[in-house]
Structure formats: structure tokens, C-alpha cells
Amino acid sequence: MKKLLFVITSSMEEGGDASKSNSSNGIPGDMLEDLSSFVVEPAPQGSLLKCRITRDRKGMDRGLFPTYYLHLEKEDGKRVFLLAARKRKKSTTSNYLISTDPTDLSRSGDSFMGKLRSNLLGTQFTLFDCGANPRKGLAASDRNNARQELAAVIYETNVLGFKGPRKMTIVLPGMTVDNHRVDMQIDADGDGLLERWKVNNMEHLIQLHNKTPVWNEETQSYVLNFGGRVTHASVKNFQVVHDNDVDYIVMQFGRVAEDVFTMDFRFPMCALQAFGIALSISDVSLIYRRLRLNFMDANPFGDTIKLSQFVNYDTHHIFVCIELSSYFKNPCFQFFKFVRQLTDF
């Protein structure tokens, strides 16, 4: 099991063709003057927008609640700030606030653009814009300001990599014939992106998946071609494609330094959607890293555990789903001994 785990965390390699496009970040300057509009508009067709995400973990609590900054890389080598995000502290699930102002990451700020929220297990994420929550009793006159769902991200149960590379599904609102995003404004009783995906109601929706890495016998690892944009192996590295054209890379994300990642995206994605997806993979990988360092090296159950399916730990809650090869001799004692060790991370 440890060998497979090492292979996965050391698998992704850079390549030469993932960054092909007709144009690279040839964005007119006036489009960037209004960040609030730019970050929610789909990328221009024929262009590949190259971005960089930096993670700030300095400070008393930023090990658990880092701040992420998204910059657009321009052709002249300069970078333009687009978005910032930070995980909320007092929330029962993972919840990130996203803003166009790096100094104001609050819901009440004028620069608040949206939020990314996970389910209790941290396996499904929904990205919302800055509209109001319809489930909190909007007045009839305010219903036009109800929030819209911009993306949903679903990670399969092998998210920790024990059975191979992680698998993810991304659901986006569809596009109209004039290249505008279909409205996904959900009322209090409406079905959102996740609910529609679960019942396979994909009308006016776009379903994407991460591109499956290829096993390399020579290096004994899974590899993907990132066109030179990714330089460090990481379980975070991924590419997003549509099943109808696996050569059209809609989005790719990968590590280039300890706290630096590249994020490139194309039509039909916008910057806010791509950033939200990148935040979800970072949130899941943080959980994965804790499990790898603590669970694999110090298993309180000895040989009792066959496979750990999921562990999600933060300051507010712990969820453990495990597959056992035999029953515990003392289930309560052993279970809480394991939980106590997790909380010492």
C-alpha cells in the first residue's frame, strides 16, 4: 500500500503539448480594469489564460487556514491580481470566501465574489456567486438577486489515492449559442448542480472529468503532459477535459514550488470557476497529506485496517470512514484512540 501511495504522490510530469492554443493571455487591458466582471466572464475562445496561485501559510492559524492569491500571467511577464480566498474558521464544513480585494475577505465587502462550500465529508463542493442565499427567506423583490451556482466538483471515494490516481467530476452550467453562461439561479426548493448530477439530469449542463494519467513502466509512475507548466510531482496536479475531446484541456493545475501553483484555463470556464476548482483540490489534498504522514506511519490498529476510505479533520469536526479486515477487540477504545491521534496533527 505504501508503495502505491508513493507512486501517486510522485507521479505527475511536465510535457510538451498541454499548453497549445491560438493565443495566450492576449487580454485587452480594458477588460482587466473591471475585475468583478472579468473574473466571471468565460475565457475568450481560442485563448489560454495562464495564471499562478500562491498560498500564504504564515501567521498563527494559516497552517490550517491559508490565504490563496490568484494572478494572471501576462505575455510581457507581468502579473495582474485577480482573486483571493481564505477558508472560514467557524464553519461546520469547508467554506472558502473569494474576493477581488486581497485585504477584505468578508461576505459583507463590496469585493465579495462568491464562496466555495463542501459537504460534510469533503467529497463534494459547490461554487456560488455573490448573490443571496434563497433558503434564508428572500423577499419577493430580492429574488432576482438570489445566488447562482457556478460549478460543482465531485471526488470519488479513492480521493486519497490508495487505488490509483484520484478521480474528479466537474459540472458547469451550459453555454448558450451566443457563448453566455446558462443561469443557474436556484430557489429554495430548486435542484442545484449536485442534485441534478446525482439523478443524471444534465440538460443545459456541462460535465467534465480529470484526464486519466498514463502508467509509465520505466518510471513506475502515473504521468501527464503539462506542457512544461508543472515542475513538481504532487497529488494536486490534474487536467480537466470533456469526454468528447480529451485533447482539449479545459483546465490544468499543478505545483511549481512548495506554495506556488500554475492554473491555466480555457473557454467555457471563467477565472472564478477555475479558482474554485483549484481551491477544492487544495482542500482535499490538505486532508490527504495529514493522513499520509500520520495514519500510514503510526497506525493504532496495527494490521486491522485494510483500507482507509476517507478522513476529514479540521478544528470543528472529524469524519472517519474505514473498511476493516476484522472487528476491533475493543471497538470504542481503539476508535477513540485513533481519533485522539488525528487531533494531535
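Residues numbered from 1 in each chain as written. Predicted model: local features only at pLDDT ≥ 70, side-chain atom pairs only at ≥ 80, totals over all residues. Heavy atoms only, no water.

Taken over all residues, the pLDDT of the protein chain has a mean of 74, while the share at 70 or more is 65%. Taken as a whole, residues 335–345 scores under 50 in pLDDT and shows 21 contacts with residues more than four places along the chain or in a different chain. (pLDDT = per-residue confidence, 0-100. Contact = heavy atoms within 4.5 Å.)

For the rest of this paragraph, the subject is the nonpolar core. Within the largest apolar cluster, 50 residues are counted, with the highest numbers of intra-cluster contacts made by Leu-82, Met-251, Met-263, Phe-265 and Met-269. Looking at which element gives the most residues to this core, the answer is helix α4 (residues 271–295), with eight residues. Not counting residues up to four positions away in its chain, the partners in contact with Phe-265 are Ala-43, Ser-47, Leu-48, Leu-49, Cys-51, Val-250, Met-251, Cys-270, Ala-271 and Ala-274. Counting residues in each nonpolar core, the second largest holds nine residues, with Ala-152, Ile-154, Ile-186 and Leu-193 among its members. (Core = buried A, V, L, I, M, F, W, Y, C linked by side-chain atoms within 4.5 Å. Buried < 20%, exposed > 50% of the residue type's maximum accessible area, 1.4 Å probe, protein only. Helix = DSSP H or I, 4+ residues; strand = E, 2+ residues; numbered from the N terminus.)

Before going further, it helps to examine the pairing of strand β6 (residues 112–118). In terms of burial, β6 is largely enclosed, as six of its seven residues are buried. Pairing of strand β5 (residues 95–99) with β6 involves five bridges; the strand directions are antiparallel. Within the sheet, the bridge partner assigned to Tyr-96 lies in β6 and is Leu-116. Once β6 ends, the chain turns through five residues before running back antiparallel as strand β7 (residues 124–129), passing Gly-122 with a positive phi of about 75°. (Pairing = 2+ DSSP bridges.)

Per the counting criterion, the structure on display carries four aromatic pairs. Each member of the aromatic cluster is reached from another via a ring pair, and the members are Phe-238, Phe-253 and Phe-261. For the cation-ring pair, Arg-266 lies above Tyr-248, with the distance from its terminal atom to the ring centre recorded as 5.4 Å. (Phe/Tyr/Trp six-rings, centres within 6.5 Å; stacked < 30°, edge-to-face > 60°. Lys NZ or Arg CZ within 6 Å of the ring centre and 35° of its normal.)

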